[in-house]
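Structural overview for review
This is what each chain is made of:
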Amino acid sequence: MAQDTKEPPGLNFDFWMAKAVEWGQAGSLESQQDVCLHLPKLKEFLLQVHEALKHTNFTAAIKRFPLIGQLLGRLCWNTVVVASDESQRSLIWCLCCLYSSEPQNPVERKANTWIKSGIINTFTSSNLLSGEHISNFVYPCLQNSQNLLCHLFSFSEAGSSEDSSFIQRLGCTPGYYYLELLNNMVSSLVAELGGNSLNRRNTQGRIMADRVKSISVLCVPLITMTDVSPLLEVLLTYHDYALDETLSVHFLEAVNDAFIQKKIVLPESAIIGLWLRHLPSLEKATLHLIESLLSTKGASLDEMERIVEDSFLPQAACHPSIFGVVDDIFKNALLGTDGSSKVLTIIRLFTRSFVQSHQKNKHKIQLKSFFRHSQSSLVVALLQNPSDLPSAIWYQHLKCITDMLKMEVEDTDIKSPTCGFDAWFLLVHFGHWVDIAAESLLLSNTDTTDDLLWLLAFYYDPCNMCHQRTQTMMEARTVADRLLLMFGRIKLSLAELQDAVGPSTASGHSGRDQLIRHLLVMFLMFSSGGATIAKECITQMTQTDAAASEVSNILAQTAHRLHIPGLKNERTMELAHKLLREIHSGTKAV
């Protein structure tokens, strides 16, 4: 069968050859910036080339891709391309595919010599060190590239380079020499930037700013190198008090991407500096967190909480400006998903992690100052941790919260239409009090439950007017009274429970249906006979993805809350986990 000589999809040799010619050795700032801009696509292209080459020999590769030798040769001359560890690695893989371990003809032997000596000499050519002084920064990385090539190919045929002879005379290994050279260069630049961070009010200040920007551009392909981390930190915390951003946008975006993808680790000051000086990076990090959490299927709240903490956003949000941006993104996500139960849970998890980080680090700014759109007394009440209060006074605390919310929502003197939404959005942050309200409605000994019903009705349908909310409360009270009559019974049937609840809530999306589902889950969890019909009832309640997600989140939040010291109920916690497993193993996606 004839061999297919067509290029695989996406292998555009003409485009990349034109780019390689245009870039040359990347001596100018403009060409360096263009290389950095195209590096991600170039890395993908080189990986595709490697896939196409790894099962062929040199002669076949040249026939199939006539431009391959010229293209790889030009890229090996490009200082920015070879300084990137990922593109450098891809180049080496491609070269290995072209290297013939047993050359069959003069062309393959000549190619071996070209691979082993010609490209290595390219990296060490003095021409690379001419031009602007900033190219000295790239030099250690070129030496590191040479070291990698020397490791892959023997120098027995090509002979030693002048650098290798010099290193031998020093009595140290090439790896140690190049690592020290890189570290010294990074240390020198860190000292230079640190010593010139003040007093830039003249022409020299402009020159310094240009140099800082050039360094940030050339750092783009080096970002994932551990030894360069100190330089990244000093760049991200660098300030010259100019109106325009000093650092390259490509650099800021590349650092943010590497941090999000867990390719680098940076100190708190560097990450906060990045997100404060580049709003798109903060927005991207927040959206990435939301998307990561939304894509988790069947993850426990503990696992989701770890994802939140690993994002470093709760810690960074202790800076008010960062908190404001993140909170606005959460608000838009909530509006965009029409109050998705998963997004509600994400906001609650983030708030809990943020509060813990704030308290742990003892920041000077009071927590109530972060929620500036609500009265401080309401914020303080919601910030109160339920585990720090005796359960006997939960009802009184909930009553205080409800009274203050009513003042913000129903006060006729308030003219702004956003007040009701702001109050509800604040309640979403501290939704654990809503769970306790639903639980208290069934477990409390008090006869006055209007405050609890109002809180639940407001949470599940904040857009309702007073008369509509009153109707929802009346229907919820009827269901709650019927559930209370069965609360102490050990033997229950699903039919009895369905009669008590009324019309099916399996697929309803209204606030009334969500509230009833919440009460029903609490009844199954805490009543004497609820566990006997819980599995059957939950199956009936979770006929849609939305209902399944909602019920799953209620169960998970309750189980998570019962882990808090002083709030122990092992039977309820075990039942919650059992029901969660049933939902996650069902046919519906949760």
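Structure report, in brief. (Residues numbered from 1 in each chain as written. Predicted model: local features only at pLDDT ≥ 70, side-chain atom pairs only at ≥ 80, totals over all residues. Heavy atoms only, no water.)

1. Regarding the overall build of the chain
The condition that has to hold: Helical segments are the DSSP runs of H or I of at least four residues, strand segments are the runs of E of at least two, and each set is numbered from the N terminus. The rule is simple: take the accessible area with a 1.4 Å probe, protein chains only, and divide by the maximum for that residue type; under 20% is buried, over 50% is exposed, in between is partly exposed. Contacts between residues were defined by any pair of non-hydrogen atoms, one from each residue, lying within 4.5 Å. To be clear on the numbers: accessible area is Shrake-Rupley with a 1.4 Å probe, and residue cover counts the displayed protein chains and nothing else.
Summing up its helical and strand segments, the chain has 30 helices and 0 strands in all. Going through the 590 residues of the chain one by one, you find that 50% of them count as buried. In the chain, once contacts between residues fewer than 6 apart in sequence are set aside, the share between residues at least 24 apart is 71%. Counting every atom, the chain has about 28200 Å² of accessible surface; 53% of that belongs to carbon and sulfur.

2. Looking at the environment of Arg-277
Using the following cut-off: Nitrogen and oxygen atoms within 3.5 Å of one another constitute a polar contact, given that in protein one can donate a hydrogen and the other can accept it, and given that sequence-neighbouring residues count only through two side-chain atoms.
In this fold, Arg-277 is placed in helix α14 (residues 268-277). Residue contacts for Arg-277: discarding those within four places in its chain leaves Leu-235, Leu-236, Thr-237, Tyr-238, His-239, Glu-245, Leu-247 and Leu-252. In this structure the side chain of Arg-277 is engaged in a polar contact, spanning 2.8 Å, whose partner is the backbone oxygen of Leu-236. There is a polar contact of 2.9 Å between the side chain of Arg-277 and the backbone oxygen of Tyr-238.

3. Brief notes about helix α28 (residues 530-541)
What counts here: By this rule, a helix spans an expected 1.5 Å times one less than how many residues it contains. Within this analysis, the arc is defined by the directions that extend from the helix axis to the C-beta atoms.
Given a rise of 1.5 Å per residue, 12 residues ought to cover 16 Å, yet the end C-alpha atoms of α28 are separated by just 14 Å, more than 12% below that figure. Of all the positions in α28, only Gly-530, Ile-533, Ala-534, Cys-537, Ile-538 and Met-541 are classed as buried. Down the axis of α28, the sector holding all buried residues measures 150°, keeping them to one side. Against the buried residues of α28 lie α26 (494-501), α27 (511-526), α29 (545-561) and α30 (570-584).

4. A look at the environment of Asn-256
Counting through the fold element by element, Asn-256 comes out in helix α13 (residues 249-260). Look at Asn-256 and you get buried, because its relative accessible area is 1%. Residue contacts for Asn-256: discarding those within four places in its chain leaves Leu-274, Trp-275, Ser-281, Lys-284 and Ala-285. Of the polar contacts made by the side chain of Asn-256, one reaches the backbone oxygen of Ser-281; its length is 3.1 Å.

5. Section: the nonpolar core
Heads up, the condition is: In these notes, a set of buried Ala, Val, Leu, Ile, Met, Phe, Trp, Tyr and Cys residues joined through side-chain atoms within 4.5 Å is what counts as a nonpolar core.
Leu-231, Phe-251, Trp-275 and Phe-354 are the most contacted members of the largest nonpolar core, which has 173 residues in total. A total of 10 residues in this core trace back to one element, the largest contributor, which is α27. Leave out the neighbours within four places in its chain, and Phe-354 touches Pro-314, Ala-317, Cys-318, Phe-323, Leu-367, Phe-370 and Phe-371.

Worth remembering: the numbers are spatial, not functional.
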